[in-house]
Amino acid sequence: MDTNTNANIGINININDNKPTINNIKATIPDIIFAVEILILGYLYFRFHVFSGIGGFGVTAYTVLLTVVTYIYMKNSGYDQTADSLFYMVILLIFGMGFSVFSGETEKSIGIVSIHLIYVYWVAKTTGRLLNKRPDKYLYSDIIYQLICVPFEKFASLAEVLCDGYKNDKKRKSFIMILLGILCAIPVLAIVILLLSSADAIFGQVSNSIFGKISNNVFEKIIMLICGVPTAFYIFALVYNDIHPERLHEYSVSVVDAKRSKKKIIPYEILTTMVMLLDVIYILFAVLQVSNLFMAFYDKLPSGMTYAEYARGGFFQLVWVAVINLIVTVIAITLVRENNGKRPTILSCALSLLSILTIFLGMTALRKMYLYICVYGLTKNRLITSIFMMYLILVFLLLTFGYFRKIKYREVILMSSAIIIAAFIMFGNTDGIIARYNISRIKDGTLESDCMFDSDKRPDLSIGAMDAYNEVLNKEDINVSAETTKNIMKEIYFREVGYDRKNIQWYDQSIAIIRAGKMIGR
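The residue numbering used here restarts from 1 in each chain and proceeds along that chain's sequence as written. Thresholds applied to this predicted model are a pLDDT of at least 70 for local features of residues and 80 or more for the giving and counting of side-chain atom pairs; totals over whole chains, interfaces and linings are not thresholded and use all residues. Neither water nor hydrogens contribute to the side-chain values; these are computed over all heavy atoms in the structure.

A.B. asks: Give a detailed account of the overall build of the protein chain, specifying residues and quantitative values.
C.D. replies: Elements are defined by DSSP. Helices are runs of H or I of four residues or more, strands are runs of E of two residues or more, and each kind is numbered from the N terminus. When helices and strands are tallied, the protein chain shows 22 helices and zero strands. Buried positions account for 43% of the 522 residues belonging to the protein chain. Counting contacts in the protein chain only where the partners sit at least 6 residues apart, residues at least 24 apart contribute 76% of the total. On the protein chain, roughly 27900 Å² of surface is accessible, and the fraction owed to carbon and sulfur atoms is 64%. To sort residues, take the accessible area from a 1.4 Å probe on protein chains only and compare it with the maximum for the residue type: under 20% means buried, over 50% means exposed, and anything in between is partly exposed. Should any heavy atoms of two residues lie within 4.5 Å, those residues are considered in contact. Values of accessible area rely on a 1.4 Å probe in the Shrake-Rupley scheme; residue burial ignores everything except the protein chains shown.

The following block contains the structure:
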């Protein structure tokens, strides 16, 4: 075959098996339209406060727009939705809708992360770029590949498409390049001007006279526009390269397996010795602390300790111990050399014992936290860390059984559990649950009223807790003045919304904020 012909159509002779087979693909009209749409959405990503996670209706609008635009582009590129991909698209929209209904920093932070991950997985599912025909083996490889390799290997795909669309119009192509150059130069110029202004008073006066007339609002929008460009590049590269995988290095079962085998560089004797030493330390700790550890299961305290000292002094340390054990286990599974494709039995036994000891320590930590909650009430930190500890216990349970018997869909179980936990925190109104739990115990006389009605002692809750306070205000079944309850509700509302509600944009509003405003007469 003539090599000149190959050069003209952008095809390279494939010497290395996992090299890209095609460097350049002619841009189509749908490609160019999608690139422009994603550039706009890149700006809206920051304009609607999606990045900061404080948005409300705006995050919902952004999620819907991004989903619709991506859906149309993939359909025009020949990729229709399957039952599986449609499921993830619906989940993506549901998480986006949650921002219009609920409010709270923790909920929004978890919601934003969930939206990003589900979007990436949905695109890969629709385009068929996943290897997880066996989800128990390739799920994590798929996630890492889609999040990092696909968008960053050809990060400038958006610019390539726009330039290719105007390759016959040199003036427009040059204009696009100059515009991108200006956008990239603005943050560098801003830093240089600030430094020079600090170094020289005369230059500082001149720059202030020039740029001081520009309002902060204009500067804010310029910064959003600049930050939106790399965001748009990432999203476009993710979708475009999944539709055109021939532009990337080969990603297949054989390639992944070969890379995994190359990573197994640690002799099993090293990790086995390390894990066995950890086992000995944990056994020694359990023997020396057996009375203190088991006291948690009998609602007793060691002499000279309060519930706060007993629970808080051990819970978070045990959580960190569980995290360290998980890291050691992951290293042992992924980096240790195997004998004929199998993990050495002695290492499996040592890891199994490590998992069992971690489960025991985790259950002890949860019991300690339960005693702490019984005495001092529930807070957001106590609830979230307890949920995280329960998830770690599930991880180690599956690992323990998996060392000796293959557990089908182990990774799928873990991922599904993580999605369920994220959905619970996002849609379960955890602040409302915490407030109702504590108030019900105050009514029963098992908890002091200060933990919910004292400004210094009550937990920091979002407006999701205001319904519970409003019920107290209406029923008056707790010995707390109505004025105190109203002041707490106003404090919660103003801390989250601010004192000037007129300055709140529609995209930062939510149904929860509107309802909370009506409760306090705003």
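Past the structure itself, the notes keep going.
A.B. asks: Could you give an account of the side chain of Ser157, with specific residues and numbers?
C.D. replies: Summarising the element assignment, Ser157 is placed in helix α7 (residues 157-165). In contact with Ser157, other than residues within four places in its own chain, are Phe236, Ala237, Tyr240, Asn241 and Arg247.

A.B. asks: Break down the environment of Ile333 for me, with residues and values.
C.D. replies: In this fold, Ile333 is placed in helix α14 (residues 307-335). For Ile333, a relative accessible area of 22% gives the class partly exposed. Sequence separation between Ile333 and Ser348 is 15 residues; the distance between their C-alpha atoms is 9.5 Å.

A.B. asks: Give a detailed account of a nonpolar patch on the surface, specifying residues and quantitative values.
C.D. replies: A grouping of Val188, Val192, Leu196 and Phe203 is seen on the molecular surface, where their side chains present a nonpolar patch of about 320 Å² in accessible area. It is helix α8 (residues 170-199) that contributes the most residues to the nonpolar patch, three residues altogether. Mapping Leu196 onto the fold places it in helix α8. Accessibility expressed as a relative area gives 41% for Leu196, which makes it partly exposed. Patch definition: residues with relative accessible area over 30% and no salt bridge; like charges joined within 9 Å; nonpolar side chains (Val, Leu, Ile, Met, Phe, Trp, Tyr) joined within 5 Å. Here, a salt bridge means any side-chain nitrogen of Lys or Arg that lies within 4 Å of a carboxyl oxygen of Asp or Glu.

A.B. asks: Tell me about unusual backbone geometry, residues and numbers included.
C.D. replies: Of note, Asn429 is a non-glycine position whose phi angle comes to about 50°, a positive value. With respect to the element layout, Asn429 can be found in the loop between α17 (410-427) and α18 (430-444).

A.B. asks: Could you give an account of α18, naming the residues involved and the relevant values?
C.D. replies: For α18, which comprises 15 residues, the first-to-last C-alpha distance of 21 Å matches the rise-based estimate of 21 Å (1.5 Å per residue) to within 8%. Along α18, the residues that are buried comprise Thr430, Asp431, Gly432, Ile434, Ala435, Asn438, Ile439, Arg441 and Ile442. Elements that come into contact with the buried residues of α18 comprise α5 (105-127), α15 (345-376), α16 (380-402), α17, α19 (450-453) and α20 (466-475). Taken from the residues just after α18, Gly445 is the one with a positive phi, measuring 85°. Here the expected length of a helix is defined as 1.5 Å per residue gap, with one fewer gap than residues.

A.B. asks: I'd like to hear about the packing of aromatic side chains, residue by residue, with values.
C.D. replies: Note on aromatic pairs: the rings of Phe, Tyr and Trp (six-membered ring only in Trp) are paired at centre separations within 6.5 Å, and the planes decide the class, stacked below 30 degrees, edge-to-face beyond 60, tilted for the rest. Taken as a whole and judged by the stated rule, the model has 15 aromatic pairs. Summarising the aromatic geometry, the rings of Phe87 and Tyr88 are spaced 5.3 Å apart at their centres and angled 80° between planes, so their arrangement reads as edge-to-face. Relative to Phe155, the ring of Phe152 lies with its centre 5.5 Å away and its plane at 10°, an arrangement referred to as stacked. One aromatic cluster in this structure is built from Phe34, Tyr73, Phe236 and Tyr240.

A.B. asks: Go over the side chain of Arg382, please, and point to the residues and values.
C.D. replies: Summarising the element assignment, Arg382 is placed in helix α16. By the counting scheme adopted, Arg and Lys are positive, Glu and Asp are negative, and His together with the chain ends is not counted. Despite being buried, Arg382 has no salt bridge partner; Asp460 is the closest side chain of opposite charge, sitting 11 Å away. Leaving out residues up to four positions away in the same chain, Arg382 has contacts with Met369, Tyr372, Ile373, Tyr376 and Gly377.

A.B. asks: Please set out the pattern of salt bridges residue by residue, giving values where relevant.
C.D. replies: Enumeration over the complete set of coordinates arrives at four salt bridges. Residue Lys380 pairs with Asp431 through a salt bridge whose shortest N-O separation is 3.2 Å. Note that Lys380 is positioned in helix α16 and Asp431 in helix α18, a separation of 51 residues in sequence. No difference in accessibility class separates Lys380 from Asp431, as the two residues are buried. Put simply, Glu471 and Arg436 hold a salt bridge, and the shortest N to O gap is 3.0 Å.

A.B. asks: Any chance you could break down the packing of helix α3 (residues 57-76) against helix α4 (residues 83-101) for me, citing the residues and the numbers?
C.D. replies: To obtain each axis, a line is fitted to C-alpha atoms, and for helices this fit is confined to the stretch in contact; angles are then taken between N-to-C directions over 0 to 180 degrees. For the pair α3 and α4, the least separation of the axes is 6 Å and the interaxial angle reads 160°. When the axis of α3 is compared with that of α4, the two are roughly antiparallel. Here the hand of the crossing between α3 and α4 comes out left-handed. Listed contacts from α4 to Phe57, Val59, Thr60, Thr63, Val64, Thr67 and Tyr71 of α3 are Met89, Leu92, Leu93, Gly96, Met97, Phe99 and Ser100. Amino acid classes used here: Ala, Val, Leu, Ile, Met, Phe, Trp, Tyr, Cys and Pro are nonpolar; Asp, Glu, Lys and Arg are charged; the rest, including Gly, are polar. Its residues placed into classes, the contact of α3 with α4 shows nine nonpolar, five polar and no charged. When an angle is under 35 degrees it counts as roughly parallel; over 145 it counts as roughly antiparallel; between 65 and 115 it counts as roughly perpendicular; any other value is oblique. Handedness of each helix crossing follows the sense of rotation of the near helix against the far helix: counterclockwise by less than a right angle gives left-handed, clockwise gives right-handed.

A.B. asks: For the nonpolar core, give the residues involved together with the corresponding values.
C.D. replies: In terms of nonpolar packing, the biggest core is built from 59 residues, with Ile38, Tyr62, Tyr119, Trp122, Leu158, Phe236 and Val239 touching the most fellow members. Residue assignment for this core shows that the elements contributing at least two residues are α2 (29-47), α3, α4, α5, α6 (135-153), α7, α10 (216-243) and α17. Other than its neighbours up to four places away in sequence, Ile38 contacts Leu66, Leu158, Ala232, Ile235 and Phe236. Think of a nonpolar core as a cluster: buried Ala, Val, Leu, Ile, Met, Phe, Trp, Tyr and Cys residues, connected wherever their side-chain atoms sit within 4.5 Å. Core analysis: the next-biggest nonpolar cluster, separate from the first, contains 34 residues, Cys451, Leu473, Ile492 and Ile504 among them.

A.B. asks: Please provide a residue-by-residue account of the environment of Leu238, values included.
C.D. replies: Mapped onto the fold, Leu238 is located in helix α10. By relative accessible area, Leu238 is classed as buried at 1%. For the pair Leu238 and Cys149, spaced 89 residues apart in the sequence, the C-alpha separation amounts to 8.9 Å. Excluding its chain neighbours within four sequence positions, the residues that come into contact with Leu238 are Tyr119, Val120, Gln146, Val150 and Pro151.

A.B. asks: Which residues make up the confidence of the model for the protein chain, and what are the values?
C.D. replies: The predictor attaches a confidence to each residue, called pLDDT, with possible values from 0 through 100. Confidence in the prediction of the protein chain, expressed as mean pLDDT, is 77, and 78% of residues score 70 or more. Within the protein chain, the element-level pLDDT minimum falls on helix α1 (residues 3-9), averaging 33, and the maximum on α3, averaging 93. With pLDDT under 50 throughout, residues 1-17 is counted as low confidence; its partners more than four residues away or in other chains account for 15 contacts.

A.B. asks: Tell me about the environment of Phe99, and name the residues and values.
C.D. replies: Mapped onto the elements of the fold, Phe99 is located in helix α4. A relative accessible area of 0% means that Phe99 is categorised as buried. With 43 residues separating them in the primary sequence, Phe99 and Gly56 have C-alpha atoms 4.8 Å apart. Residues contacting Phe99, with those up to four places away along its chain left out, are Gly55, Gly56, Phe57, Val59, Thr60, Lys108, Gly111, Ile112, Ile115, Met426 and Ser510.

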